[in-house]
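Each chain, written out:
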Amino acid sequence: MKQVFKHMDARIFSYYNEANKILKGTIPLPRMLNFMPSCLCNHNCPGCDWSAQNKTRYVMPAEQWKKVFNELHLQNSIRFVEFCGLGESMLHPDIHEMILTAGAYGWIIGMITNGTRLKGKVLEDLIKRAAFIRISMESGSEKVFDKIKRPKSEEDGFEAVCRNIKEAVRLRNGLNPNCNIDYKFTVGKENYKDIENAISLAIELGCDSIQFKSYRNVPSELDDLLKGTLDKKIQDFKEIYREDIIVTGSLKSSRMESKCFMTPIHVLVDAYGEVYNCCYFRHRVGSHKIGNVVRDWFNKVWHSDRHREVMRDVKKEECELYDCKFFKYNQLMQDFMVDSRELDII
């Protein structure tokens with residue numbers, strides 16, 4: 001097992017200083033950038049949160065993303081950038097330059113991708129600078145892949161993505177053994193029977209881990225009874241396949257035990273330059289929007305009264321519509337901060 005997977009939850013404690021500032025009423029500078037450069041996708045998944053936005057086929061222009069990157073670099077706080085939705089980041093015409101720029105700034109990179117463009121020089125340069133590449137497969141067979149992803153060409157199809165993953169693993173082994181190649185499977189009504197096939201395929205392709213989570217708030221979401229049955233199997237698979245691959249995740253709906261207060265440790269910027277409180281903003285665009293870093297300077301947006309207002313007005317029932325990693329992180333940090341004097345005791 002790669003060591004990083006043994007300490008996933010403990011990572012939040014590296015943000016103790018930031019948590020302390022937040023609880024004292026100060027908004028710290030973010031250490032992580034979630035960047036959504038594209039509203040463009042070559043797949044058409046029925047469970048996608050962003051299918052309507054991706055019909056616009058909009059990508060952030062070069063002068064805008066360079067402004068955003070440069071301003072964040074000048075803050076000297078960002079250490080990690082994760083490229084993620086709205087669309088497929090690797091389809092952005094400037095993605096190679098973005099990767100090189102992030103690397104030049106000293107930012108570690110994470111890439112969430114459908115895998116169709118993991119090839120050539122851009123893949124090589126990505127692997128050299130990445131902590132992880134997570135490929136959204138949502139299947140373990142070509143039949144289910146075609147049903148879920150609905151690719152329009154062979155280049156975007158199952159066999160092509162599998163070849164790309166194998167090449168990524170091969171390059172990783174030579175260029176950057178610390179880069180994890182991870183397989184992602186979001187489970188719904190159309191693909192739940194393919195779960196174990198996906199584990200076998202991920203092992204065959206050489207992936208380091210496979211992550212399972214459930215579709216939420218879309219017609220393909222499973223009912224709670226079936227989620228529970230399948231989640232039990234997934235937990236069993238963690239032990240069954242422990243020698244071959246790391247199986248992570250759960251299908252159970254998570255609950256928010258304490259108010260979310262740790263969001264300022266990261267900044268999320270979409271393709272239009274809009275800044276949101278976190279990545280789960282689709283159902284609350286108006287109340288979650290902080291400002292725009294294309295129109296305004298980053299510091300003006302980040303340290304604004306509007307940011308404090310958005311943080312203050314976070315609603316538990318809206319958060320629980322999705323399964324958010326910050327639920328656990330907030331609770332861990334909340335418990336830890338009750339008596340932080342323990343930090344001085346070994």
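Parameters and conventions
Residues numbered from 1 in each chain as written. Predicted model: local features only at pLDDT ≥ 70, side-chain atom pairs only at ≥ 80, totals over all residues. Heavy atoms only, no water. Pairing = 2+ DSSP bridges. Helix = DSSP H or I, 4+ residues; strand = E, 2+ residues; numbered from the N terminus. Axes fitted to C-alpha atoms, helices over the stretch in contact; angles between N-to-C directions. Contact = heavy atoms within 4.5 Å. Phe/Tyr/Trp six-rings, centres within 6.5 Å; stacked < 30°, edge-to-face > 60°. Lys NZ or Arg CZ within 6 Å of the ring centre and 35° of its normal. Salt bridge = Lys/Arg side-chain N within 4 Å of Asp/Glu carboxyl O. Buried < 20%, exposed > 50% of the residue type's maximum accessible area, 1.4 Å probe, protein only. Arc of directions from axis to C-beta. Parallel < 35°, antiparallel > 145°, perpendicular 65-115°, else oblique. Nonpolar A, V, L, I, M, F, W, Y, C, P; charged D, E, K, R; others polar. Polar contact = N/O pair within 3.5 Å; in protein donor to acceptor, adjacent residues only side chain to side chain. Core = buried A, V, L, I, M, F, W, Y, C linked by side-chain atoms within 4.5 Å. Left-handed = near helix turned anticlockwise from the far one by under 90°.

One key point about sheets: their strands pair by backbone hydrogen bonds, in either a parallel or an antiparallel sense. Pairing in this open sheet of 10 strands is mixed, and the strands run β9-β8-β7-β6-β5-β4-β1-β10-β11-β12 from one edge to the other. Where the open sheet ends on each side, the last strands, each with one partner, are β9 (246-249) and β12 (289-292). On average, each strand axis in the sheet is inclined to that of its neighbour by 20 degrees, with strand direction left out of account. Here strand β11 (residues 274-276) runs beside β12; their pairing, made up of three bridges, is antiparallel. Opposite Y276, over in β12, you have K289 as the bridge partner. Packing of helix α9 (residues 224-240) onto the sheet brings it into contact with β7 (180-187), β8 (209-214) and β9, and relative to β9 it is tilted by some 150 degrees.

Take the packing of aromatic side chains next. Applying the stated criterion to the full structure yields 16 aromatic pairs. When the centroid spacing of 4.8 Å and the interplanar angle of 50 degrees are considered together, the rings of F13 and F336 count as tilted. With F13 in the segment before α1 (16-23) and F336 in helix α14 (residues 325-337), this residue pair connects regions lying 323 residues apart in the sequence. Through a chain of ring-to-ring contacts, the aromatic side chains of F35, W65, F69, F83, Y105 and W107 assemble into a single cluster. Stacked on the ring of Y15, the Lys or Arg R31 has its end atom at 3.8 Å from the ring centre. The cationic tip of R134 hangs over the ring face of F132; the distance from NZ or CZ to the ring centre is 4.4 Å.

Here the focus is the pattern of salt bridges. Across all of its chains, the model carries 26 salt bridges by this definition. Close ionic contact of E124 with K121 constitutes a salt bridge, the shortest N to O distance being 3.8 Å. Of this pair, E124 and K121 both sit in helix α5 (residues 120-129), three residues apart, roughly one helical turn. In this structure K121 comes out as partly exposed when scored by relative accessible area, which is 45%. Between R242 and E243 there is a salt bridge, with its nearest N and O atoms 3.1 Å apart.

We now examine helix α6 (residues 142-149). Here α6 has its buried residues at V144, F145, I148 and K149. Down the axis, α6 shows its buried residues gathered within 110 degrees of arc, on one side only. Opposite the buried face of α6, at more than 90 degrees from it, the exposed residues are K143 and K147. At its buried positions, α6 is contacted by β6 (130-136) and α7 (158-175).

We now examine the packing of α1 against α14. Here α1 crosses α14 at 75 degrees, and the two axes come no closer than 11 Å. Taken together, the axes of α1 and α14 lie roughly perpendicular to each other. Contact residues: α1 offers Y16, A19, N20 and L23, while α14 offers M333, F336 and M337. In terms of residue class, the contact of α1 with α14 is made up of six nonpolar, one polar and no charged.

Right, let's talk about the environment of D125 for a bit. Inspection of the secondary structure assignment puts D125 in helix α5. It is 13 Å that separates the C-alpha atoms of D125 and G174, two residues lying 49 residues apart in sequence. Sequence-distant contacts of D125, defined by excluding residues within four places in its chain, comprise H96, I99 and L100. A polar contact of 2.7 Å, which involves the side chain of D125, links it to the side chain of H96.

Counting residues in each nonpolar core, the largest one holds 89 residues, and the members touching the most others are L33, F35, I133, M137, F212 and M262. It is α7 that provides the largest number of residues to this core, a total of seven residues. Ignoring sequence-local partners within four residues, the contact set of I133 consists of M111, T113, L118, L123, L126, I127, C179, N180, I181 and D182. Residues M36, C39, C84 and Y276 belong to the second largest nonpolar core, which totals nine residues.

When two helices pack together, their arrangement is given by the angle between the helix axes and the distance between those axes. Relative orientation of the contacting elements α5 and α7 amounts to 50 degrees, with a least axis distance of 10 Å. It follows from the interaxial angle that α5 and α7 lie oblique. For the pair α5 and α7, the sense of crossing is right-handed. Contacts between α5 and α7 involve L123, E124, I127 and K128 from the first element and E167, A168, L171, R172 and L175 from the second. The residue makeup of the contact of α5 with α7, split by class, is five nonpolar, no polar and four charged.

Shape descriptors only; they carry no functional weight alone.
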